Amino acid sequence: MNDMRCTQCGQVGLEQGFVSDSGQGSRGYARWFGSLLERGIMGIAKTRGLPQWQIDAFRCPNCAHLELFAVQRLDLRG
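A short tour of the structure in this document, coming up.

Calculation notes
Residues numbered from 1 in each chain as written. Predicted model: local features only at pLDDT ≥ 70, side-chain atom pairs only at ≥ 80, totals over all residues. Heavy atoms only, no water. Helix = DSSP H or I, 4+ residues; strand = E, 2+ residues; numbered from the N terminus. Rg over C-alpha atoms; globule rule 2.2 N^0.38 Å. Buried < 20%, exposed > 50% of the residue type's maximum accessible area, 1.4 Å probe, protein only. Contact = heavy atoms within 4.5 Å. Lys, Arg positive; Asp, Glu negative; His and termini not counted. Charge placed at Lys NZ, Arg CZ, Asp CG, Glu CD.

On a plain count of helices and strands, the chain comes out with zero helices and five strands. Reading the secondary structure of the chain in the N-to-C direction produces β-β-β-β-β. Its C-alpha radius of gyration of 15 Å places the chain more than 25% over the 12 Å reference for a compact globule of 78 residues. Dimensions of the chain, computed from the C-alpha atoms along their principal axes, are close to 45 × 25 × 20 Å. Out of the 78 residues belonging to the chain, those deemed buried represent 19%. In the chain, the share of contacts with a sequence separation of at least 24, taken over all contacts with a separation of at least 6, comes to 39%. Within the chain, one finds 9 positive and 7 negative side-chain charges whose respective centroids are separated by 9 Å.

Our next topic: unusual backbone geometry. You will see that M42, though not glycine, has its phi angle at about 65 degrees, which is positive. Inspection of the secondary structure puts M42 in the loop between strand 2 (31–33) and strand 3 (52–54). Given the relative accessible area of 76%, M42 is considered exposed. One non-glycine residue, A64, lies in positive phi territory at about 70 degrees. The topology assignment puts A64 in the loop between strand 4 (56–59) and strand 5 (66–69). Here A64 falls in the partly exposed class, since its relative accessible area comes to 42%.

In structure tokens, the structure reads:
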């Protein structure tokens, strides 16, 4: 059992999961980009060349609060 504590209610033992990205061309998991949002043609976010991290999520079984962490940097070069 994990010993992470909920920052909202103090419950110990958060449930690990992930936030899915199912948009067109997605990799199946959500990503965090290390930059301010810039939009290109048709309002699409510019992400080329930006550092990216996978988002991991932990849910509190007591109050349902989600804690999100971006620890694992993604290497998308090949």
